[in-house]
Amino acid sequence: MAEQLSTSKCDSPLLQAFVDNRNILVKIAARITGCRSRAEDVVQDAFFRLSAAPQITSSFKAQLSYLFQIVRNLAIDHYRKQAMELKYSGSEEEGLNVVIQNASPEATHINLATLEHIAASLNELPARTRYAFEMYRLHGVPQKDIAKELGVSPTLVNFMIRDALIHCRKSSRQG
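Criteria and thresholds
- Just so you know, the residues in each chain are numbered from 1, in the order the chain's sequence is written.
- Reporting of local features is limited, given that this is a predicted model, to residues whose pLDDT is at least 70; pairs of side-chain atoms are given and counted only at 80 or more, and all residues count toward the totals for whole chains, interfaces and linings.
- The basis for the side-chain values is all heavy atoms of the structure; hydrogens and waters are excluded.
- Each helix corresponds to a stretch of at least 4 residues labelled H or I by DSSP, and each strand to a stretch of at least 2 residues labelled E; elements are numbered beginning at the N terminus.
- Note on classification: 1.4 Å probe, protein chains only; a residue is buried when its accessible area is under 20% of the maximum for its type, exposed when over 50%, partly exposed between these limits.
- Contact definition: two residues touch when any of their heavy atoms are within 4.5 Å.
- Geometry is summarised by axes, namely lines fitted to C-alpha atoms with helices restricted to the contacting stretch, and by angles between N-to-C directions that run from 0 to 180 degrees.
- Every angle not falling under 35 degrees, over 145, or within 65 to 115 is termed oblique; those three ranges are roughly parallel, roughly antiparallel and roughly perpendicular.
- Whether a crossing is left-handed or right-handed is set by the direction in which the near helix is turned from the far one by less than a right angle, anticlockwise for left-handed and clockwise for right-handed.
- Gly is put with the polar residues, along with every residue not named as nonpolar or charged; the nonpolar set is Ala, Val, Leu, Ile, Met, Phe, Trp, Tyr, Cys and Pro, and the charged set is Asp, Glu, Lys and Arg.
- Centre distance within 6.5 Å is the pairing criterion for rings of Phe, Tyr and Trp, where only the six-membered ring of Trp is used; planes under 30 degrees apart are then read as stacked, over 60 as edge-to-face, and the remainder as tilted.

**A word on the overall build of the protein**
Then comes step 1: Secondary structure summary: the protein contains nine helices and zero strands in total.
Then comes step 2: Going from N to C terminus, the protein has its helices and strands arranged as α-α-α-α-α-α-α-α-α.
Then comes step 3: Looking at the protein as a whole, 26% of its 175 residues qualify as buried.
Then comes step 4: Long-range contacts, defined here as pairs at least 24 residues apart, represent 58% of the contacts in the protein between residues at least 6 apart.

If you want it as structure tokens, here you go:
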């Protein structure tokens, strides 16, 4: 999938150099991050930073060096952030075994009962509404992506999530 972005002209020579060398910049970032998808994010971040930066009037070679350095630095920052997140994160199953400080057996029982009650409330919902709610609230999937997957409008997804939340709140007050 070859992208022909260089057909349009940008406002500044630096942004034009960025557009013309985008694929190379993605490859540089991918070598550092280890993932093309993350590299695309890095390059997009670099573009937004460059579009907000003041005009640079230097040679073309200096502009390319500047672009490569920005992408390299952002990729390294992204890699370090990812490494730190991996260091301090764990699997979902590990979270079940975390001891809550100062939690009495009664509090633990109440919390587990509340979670079971919410799960039962979610099971009362229509499958599509429950799916939209779980994907958005538990998995962090954007509403527009859920809408595409379900073949509905983003507004409907928003209402489905809202309805599920209202249903869970009502059932938790009754229980």
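**Comments concerning the packing of helix H2 (residues 22-33) against helix H4 (residues 60-88)**
Then comes step 1: Viewed as axis vectors pointing N to C, H2 and H4 meet at an angle of 30 degrees, and their least axial separation amounts to 9 Å. Relative to H4, the element H2 lies roughly parallel. Remark: the crossing between H2 and H4 carries right-handed chirality. Of the residues in H4, those in contact with Ile24, Leu25, Ile28, Ala29, Ile32 and Thr33 of H2 are Leu67, Phe68, Val71, Arg72, Ala75, Ile76, His78, Tyr79 and Gln82.
Then comes step 2: Within the contact of H2 with H4, the residues separate by chemical class into eleven nonpolar, three polar and one charged.

**Looking at the packing of helix H7 (residues 127-137) against helix H9 (residues 154-174)**
Then comes step 1: Orientation of H7 relative to H9, taken along the N-to-C sense of each, is 90 degrees, at an axis distance of 8 Å. Between H7 and H9, the angle falls in the class roughly perpendicular. From H7, Arg128, Thr129, Ala132, Phe133, Tyr136 and Arg137 reach across to H9, where they touch Leu156, Val157, Met160, Ile161, Ala164 and Leu165.
Then comes step 2: Partitioning the contact of H7 with H9 into residue classes produces nine nonpolar, one polar and two charged.

**Observations concerning the side chain of asparagine 21**
Then comes step 1: Among the structural elements, asparagine 21 can be located in the loop between helix H1 (13-20) and H2.
Then comes step 2: By relative accessible area, asparagine 21 is classed as buried at 13%.
Then comes step 3: Not counting chain neighbours up to four residues away, the residues in contact with asparagine 21 comprise Phe60 and Leu64.

**Section: the packing of aromatic side chains**
Then comes step 1: Counted under the stated rule, the structure contains two aromatic pairs.
Then comes step 2: Where phenylalanine 18 meets phenylalanine 47, the ring centres are 5.3 Å apart and the plane angle is 45 degrees; that geometry is what we call tilted. Taken together, the residues span a long stretch of sequence, with phenylalanine 18 in helix H1 and phenylalanine 47 in helix H3 (residues 36-52) at a distance of 29 residues.
Then comes step 3: Judged by relative accessible area, which is 4%, phenylalanine 18 ranks as buried.
Then comes step 4: Aromatic pair phenylalanine 47 and phenylalanine 48: ring centres 6.1 Å apart, planes at 65 degrees, arrangement edge-to-face.
Then comes step 5: Judged by its relative accessible area of 47%, phenylalanine 48 is partly exposed.
Then comes step 6: By way of ring pairs, the aromatic residues Phe18, Phe47 and Phe48 are connected into one cluster.

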